[in-house]
Structure formats: structure tokens, C-alpha cells
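# Inside the fold
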Amino acid sequence: MATVRDKLWIFGVRAHQDDIYLCRARQRRHPLNWSRITPAEGAMLLDVPNVAMVNCDGVPAPFSHDAYGYAESFRRLDRVLWGCAGSGGFRSGNEEKFIRALVEKYPNICGAYLDDYIGAAPEEAAETALRSIRAELSAVGKPLEIYVTWYFGAKASARLFEYIDGVTIWTWNWQGLKDLPENFAQLERDLPGKKKILGCYLFDFDSGESVPVEWMEYQCEFGLKMLREGRLDGIMFEANSVMGVGLESEKWLCSWIDRVKHEELPA
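These numbers were taken from a predicted model, which means no experiment stands behind them. (Residues numbered from 1 in each chain as written. Predicted model: local features only at pLDDT ≥ 70, side-chain atom pairs only at ≥ 80, totals over all residues. Heavy atoms only, no water.)

## What to know about the pairing of strand β4 (residues 109-114)
- The element β4 is extensively covered by neighbouring structure, given that six of its six residues are classed as buried.
- Looking at chain direction, strand β3 (residues 79-85) and β4 are connected through five bridges and run parallel. Considered in β4, the bridge of L81 is made with G111.
- Crossover connection from β3 via helix α4 (residues 95-105) to parallel β4: handedness right-handed.
- Strand direction decides the pairing type here: β4 and strand β5 (residues 145-151), joined by four bridges, are parallel. Each bridged residue has a counterpart across the sheet, and for Y113 the counterpart in β5 is Y147.
- In this view, the connection linking β4 to its parallel neighbour β5 by way of helix α5 (residues 123-138) has right-handed handedness. (Buried < 20%, exposed > 50% of the residue type's maximum accessible area, 1.4 Å probe, protein only. Helix = DSSP H or I, 4+ residues; strand = E, 2+ residues; numbered from the N terminus. Pairing = 2+ DSSP bridges. Right-handed = clockwise from strand over helix to strand, strands pointing away.)

Spelled out as C-alpha cells, the structure:
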């Protein structure tokens, strides 16, 4: 039987990726203004077994030493989604071929992840890319899934979702979390049959502050309720690049995970 921990993910990016946002904080209530935490370290600190490794500005590039190094650091994790489009929808174009190469060596690679792609790329180009990614991954000798980043309220043609297995769903500003139950219910109506992972920010990029603990608790407890009801396939935390700087949201989250991680979920 699955436990809550089995359903937890970290949104992984290169260390120091978001230092610029930490440094721009209007009120630096955290003791450090930079983070050195890697995705594997973030997973270890939170004690979560799954990671989505997302490239940012093309880093880590497919087939690079950096990329293989990250894959090696994930060997003890359960499931790894590898970036096929990075922040801002950036694609090198050979990410799916690299995923095929990774699968041969790392059996925990379970699929591809496209960040900021749906809605960023023209729909015709997005459909062409998704078709190519699906074809490449289908040639592997085991099922591989395609997940995309999805913000509540976003729009895209239904035909794009023919190639997509699941979405990670996000509320950009913590003030919008008050509408989370209604937004999630609408998403269930809009995307029936698609897997859904709730994305939870630790850091508010607009204000440069930690997500308030009461709203961190609100989104996590909502995700836990949906897991218990079988309406959600996981919870993902964003991101290692804002960890290790003293955010109150991170401290609270570690305690919360410790408290709920062994709870068994219905089959």
C-alpha cells in the first residue's frame, strides 16, 4: 500500500538558480540571501523520494557532464521526471533523445517534464514537439509519462492533451490559494482522466518572502485531503533553489512531512 511519502516530489533545478530572487527580497527575513542546495540535497532535506529535474536557460544541457552528474545523484530516488522543456519553455530539441539514453542506465527515470511550455510556445509548435517527444519515448521498452506545468486558469487546446499524461498545477501568488478548492474542482472538470500533482511554492517570487506558514499549511493540508480521497496523484514542492536560507515555510514543511509521511493511502 502506498504512503503519503511515496506521493511527494521536489521541483529540481540547478543550485543557485534563484539566488537573484533571494537577493532582491524587499525585507530579508531569512538569514541568507543565496542557496547552494542541489535537487538531490533538497530531496534528502525534505525526505521526499521523487524529483522532476527541470533545466533552466538550457542548463543542464542534454548529454552534458552536468546532466549525467545530476542523474547519478538521483540513483537512490524512486522516480525521476527529466526536463524536456525548461523555464520559459526553452528547448534544445534533443531532450527526449537524452531521456532515452538515461533510461538505459537509470531505471528510475519515469518520464519527461515540460515546464512553462504549454501556453509559452505557439500551439502548432507545441503539438509538433509533443508528438515528437511522445514518439521518442514510446520507442523505449517501458512506459514513460509526460507531465507539464499548468497554472490554474490557463487555457490550451484539448488536442495538446492527447500527448500528455499529467499536469503539475500551481498557484503563482499565495494570495490566490484561497481559491484552491474551487480551482481544483474546475480543473477536474476540464482535464478528466489526467494525472494531477499539486504544486506548492515555498517562496513567493513577487514579494521575495517566504510563503506564510498558515498558507503553506493550507495548501499542504488540501493536497493531503485530495490524496486521501484519491483525487490527486502527488504533491510537488518548489524548489531546492530557495531551500537552506532559513525560510519559515521550509522549516514548517519538514515538520509536516515528518508527521504525515507514513500515513497509508487507499488503493
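## Structural notes on the packing of aromatic side chains
- Counting across every chain of the model gives 18 aromatic pairs.
- Aromatic side chains Y151 and W172 sit 6.4 Å apart centroid to centroid with 70 degrees between the ring planes, which places their arrangement in the edge-to-face category. One end of the pair, Y151, is in strand β5; the other, W172, is in the loop between β6 (166-170) and α6 (180-190), and 21 residues separate them in sequence.
- Aromatic side chains F203 and F205 sit 5.1 Å apart centroid to centroid with 85 degrees between the ring planes, which places their arrangement in the edge-to-face category. Neither residue differs from the other here; F203 and F205 are each classed as buried.
- Members of the aromatic cluster, connected to one another through ring pairs, are F11, Y21, Y113, Y151, W170, W172, Y201, F203 and F205. (Phe/Tyr/Trp six-rings, centres within 6.5 Å; stacked < 30°, edge-to-face > 60°.)

## Some remarks on empty space enclosed by the protein
- Counted under the stated rule, the structure contains one cavity of 30 Å³ or more.
- Volume-wise, the largest cavity comes out at about 60 Å³.
- Along the walls of the largest cavity sit T171, W172, N173, W174, L177, G199, C200, Y201, F203, D204, V211 and Q219, which together make up its complete lining.
- Secondary-structure elements contributing two or more residues to the lining of the largest cavity are β7 (195-201) and β8 (203-204).
- A total of three residues in the lining of the largest cavity trace back to one element, the largest contributor, which is β7.
- A per-class count over the lining of the largest cavity returns seven nonpolar, four polar and one charged. (1 Å grid on protein atoms, 1.4 Å probe; cavity = no way out; pocket = protein on both sides within 12 Å on 5 of 7 lines; lining within 4 Å. Points joined across faces, edges and corners; volume = space filled by probe spheres on them. Nonpolar A, V, L, I, M, F, W, Y, C, P; charged D, E, K, R; others polar.)

## So, the layout of surface pockets
- Its boundaries defined by the atoms lining it, the largest pocket holds a volume of some 330 Å³.
- Along its surface, the largest pocket is lined by 17 residues, and D18, S87, D115, D116 and E238 are the ones closest to its centre.
- Size it by volume and the second largest pocket reaches roughly 220 Å³.
- Of all the secondary-structure elements, those providing two or more residues to the lining of the second largest pocket are β5 and α6.
- The dominant element in the lining of the second largest pocket, judged by the number of residues it contributes, is α6, at four residues.
- Considered class by class, the residues forming the lining of the second largest pocket number nine nonpolar, four polar and two charged.

## As for the sheet that holds strand β1 (residues 8-12)
- With parallel pairing, eight strands are arranged side by side around a closed barrel as β1-β2-β3-β4-β5-β6-β7-β10. Strand-to-strand, the axes of this sheet are offset by a mean angle of 30 degrees, without reference to chain direction.
- Across four bridges, β1 lies against strand β2 (residues 50-53) in parallel orientation. Within β2, the position partnered with F11 by the bridge is A52. (Axes fitted to C-alpha atoms, helices over the stretch in contact; angles between N-to-C directions.)

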